[in-house]
Amino acid sequence: ERTRCKMSDDGRRSPSRPPASCPQLANCPTVIVMVGLPARGKTYMSKKLTRYLNWIGVKCRVFNVGEYRREAVKEYKKYDFFDPENKEAMKIRNQICEEAMEDMIGWLEGDGEVAVFDATNTTRERRQLVMDFCQRDRNYKVFFIESVCDDPEVIAENVKEVKINSPDYRSFNKDEAMRDFLERIRMYQRMYEPLDTEYDKEKSFIQVHNVGQRFLVNQIQDHIQSKICYYLMNIHVLPRSIYLTRHGESELNLKGRIGGDSSLSFRGRQFANALAKFMEEQNVNNLKVWTSQLKRTIETAGGFHAPIEQWKALNEIDAGVCEEMTYEEIQEKFPEEFAMRDQDKYHYRYPRGESYQDLVARLEPVIMELERQTNVLVICHQAVMRCLLAYFLDKNSDDLPYLKVPLHTVMKLTPMAYGCKVESFYLNIEAVNTHRERPKNTDPERKTEDALETVPEHF
């Protein structure tokens with residue numbers, strides 16, 4: 001848990017506590033400094049790592065120096081802007097770097113916890129400049145992530161996939177863009193000084209070789225840096241698809257009751273058959289099927305011949321004393337609890353049960369294993385699927401509990417360079433609506449009709 005450190009008038013750090021519902025860390029802010037030549041996957045790692053940290057409750061933001069440059073220099077002309085001998089351009093680049101660092105520090109002095117400084121940072125001089133900026137009068141922790149890549153195929157793919165679509169090359173044809181960008185890389189290579197285990201032995205860093213073939217870790221300082229290393233060691237860039245779906249309609253779904261461990265309804269069994277047929281038509285190589293340990297997901301996977309693995313971590317959110325109750329019954333018996341959940345659905349914990357925040361923590365091993373895998377179908381539950389989708393689609397904790405994940409619908413997620421392509425397939429089998437929209441009135445003294453205004457219809 002974290003206590004925010006701020007400077008007091010006498011120069012000493014004094015803690016100021018955030019609201020009780022906010023996750024806290026026991027250390028002061030961390031600056032992650034990316035290192036590496038262009039087209040080595042730095043921005044890919046930056047964005048992915050930021051998405052992960054935000055998902056687990058650590059406030060993280062990327063400060064991409066390339067975006068600052070494009071804002072300052074409206075029209076990119078050619079690679080010689082990056083020539084270390086180009087003194088005029090170097091002056092502009094240094095000013096841009098300082099502006100990005102100022103913004104980064106300003107954000108961390110607010111409510112930021114981890115900042116990612118996404119730039120090449122290829123020289124020892126530049127890295128020392130960033131360290132001095134972060135540690136002078138502030139003592140922020142600095143952690144370097146260097147992406148080292150000498151695999152020509154990986155580099156070529158990075159150049160093709162990402163840089164040719166860069167805003168820098170809007171007015172270039174593909175061949176011109178490729179030539180210019182390769183020259184730009186050559187400019188950086190002339191002055192590149194990789195992190196060194198002897199020269200940089202006092203620094204905290206991880207070197208990632210060829211997008212995950214090999215790792216070198218040095219001087220890990222704390223829990224956050226440890227989590228970052230563990231995450232980076234699990235991600236890969238191989239083409240794959242992740243299919244997410246809920247179980248088929250259950251008997252308790254029909255009655256509007258939450259949780260429980262009921263079997264599928266007739267329409268739910270129809271969906272199970274349709275799902276097996278749909279996945280067969282998708283013709284996915286080496287498909288693995290994951291379910292929870294609850295009957296409704298296991299029954300939904302009944303028609304598959306692929307390897308099936310049951311995860312307790314994929315079980316639906318535990319509603320505690322409210323298990324198998326309808327929303328109407330919860331409002332009648334526990335009106336204050338019902339209102340408290342509406343006020344902060346992500347952090348609210350059912351009595352003797354779980355919150356969405358608890359569920360995210362429970363699902364972290366699932367996300368790590370999904371990152372390691374190739375093609376997977378996950379058959380899960382409404383709250384669980386919302387948490388998984390929020391990770392892949394970079395949704396914040398306020399929106400997460402209200403993501404729409406209807407029954408009898410399959411979502412296909414295909415990781416791309418800087419995001420995730422989403423395709424939704426409704427399998428044409430009707431089901432009840434279990435989605436409760438965000439209520440307008442969350443006052444504990446509200447009328448019953450206001451409390452139940454957004455409850456979906458059921459039998």
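Now for a look at the structure at hand. Residue indices begin from 1 for each chain and proceed along its sequence in written order. Totals for whole chains, interfaces and linings use all residues, but because this is a predicted model, local features are given only for residues with pLDDT of at least 70 and pairs of side-chain atoms are given and counted only at 80 or more. The basis for the side-chain values is all heavy atoms of the structure; hydrogens and waters are excluded.

A few points about the overall build of the protein chain
(1) Moving on: Counting secondary structure elements, the protein chain contains 15 helices and 14 strands.
(2) Moving on: We compute the radius of gyration from the C-alpha atoms alone; for a globule the expected value is 2.2 Å times N to the 0.38, where N is the number of residues. Relative to a compact globule of 459 residues, whose C-alpha radius of gyration would be 23 Å, the protein chain shows 25 Å and is just as compact.
(3) Moving on: Expressed as lengths along the three principal axes of its C-alpha atoms, the size of the protein chain is roughly 75 × 60 × 40 Å.
(4) Moving on: Residues classed as buried in the protein chain amount to 52% of the 459 residues present.
(5) Moving on: Contact definition: two residues touch when any of their heavy atoms are within 4.5 Å. The long-range share in the protein chain, meaning contacts at least 24 apart out of those at least 6 apart in sequence, stands at 69%. Elements are defined by DSSP. Helices are runs of H or I of four residues or more, strands are runs of E of two residues or more, and each kind is numbered from the N terminus. Three labels apply to residues, based on accessible area from a 1.4 Å probe with only protein chains included: buried if under 20% of the type maximum, exposed if over 50%, partly exposed otherwise in between.

Regarding the packing of aromatic side chains
(1) Moving on: Centres within 6.5 Å make a pair out of two Phe, Tyr or Trp rings, where for Trp the six-membered ring is used; the pair is then stacked when the planes are under 30 degrees apart, edge-to-face when over 60, and tilted otherwise. Taken as a whole, this structure holds 15 aromatic pairs when the rule is applied.
(2) Moving on: Where Y169 meets F172, the ring centres are 5.0 Å apart and the plane angle is 85°; that geometry is what we call edge-to-face.
(3) Moving on: For Y169, a relative accessible area of 4% corresponds to the buried category.
(4) Moving on: Here F278 and F425 contribute two aromatic rings whose centre-to-centre distance is 5.1 Å and whose plane-to-plane angle is 50°, an arrangement assigned as tilted. Highlighted residues: F278 in helix 9 (residues 266-282) and F425 in strand 14 (residues 420-426), separated in sequence by 147 residues.
(5) Moving on: For F278, a relative accessible area of 10% translates into the label buried.
(6) Moving on: Given the relative accessible area of 24%, F425 is considered partly exposed.

Thoughts on a negative patch on the surface
(1) Moving on: For patches, a residue must show more than 30% relative accessible area and have no salt bridge; joins then use 9 Å for like charges and 5 Å for nonpolar side chains, namely Val, Leu, Ile, Met, Phe, Trp and Tyr. Only the protein chains shown count as cover for residues, with accessible areas throughout obtained via the Shrake-Rupley method and a probe of 1.4 Å. The term salt bridge refers to a side-chain nitrogen of Lys or Arg lying within 4 Å of a carboxyl oxygen of Asp or Glu. In summary, the charge assignment counts Lys and Arg as positive and Asp and Glu as negative, without counting His or the chain termini. Where a charge sits is defined by one atom per residue type, namely NZ (Lys), CZ (Arg), CG (Asp) or CD (Glu). Residues E98, E99, E102 and D103 make up a contiguous surface patch of negative charge.
(2) Moving on: Note that E102 resides in helix 3 (residues 87-109).

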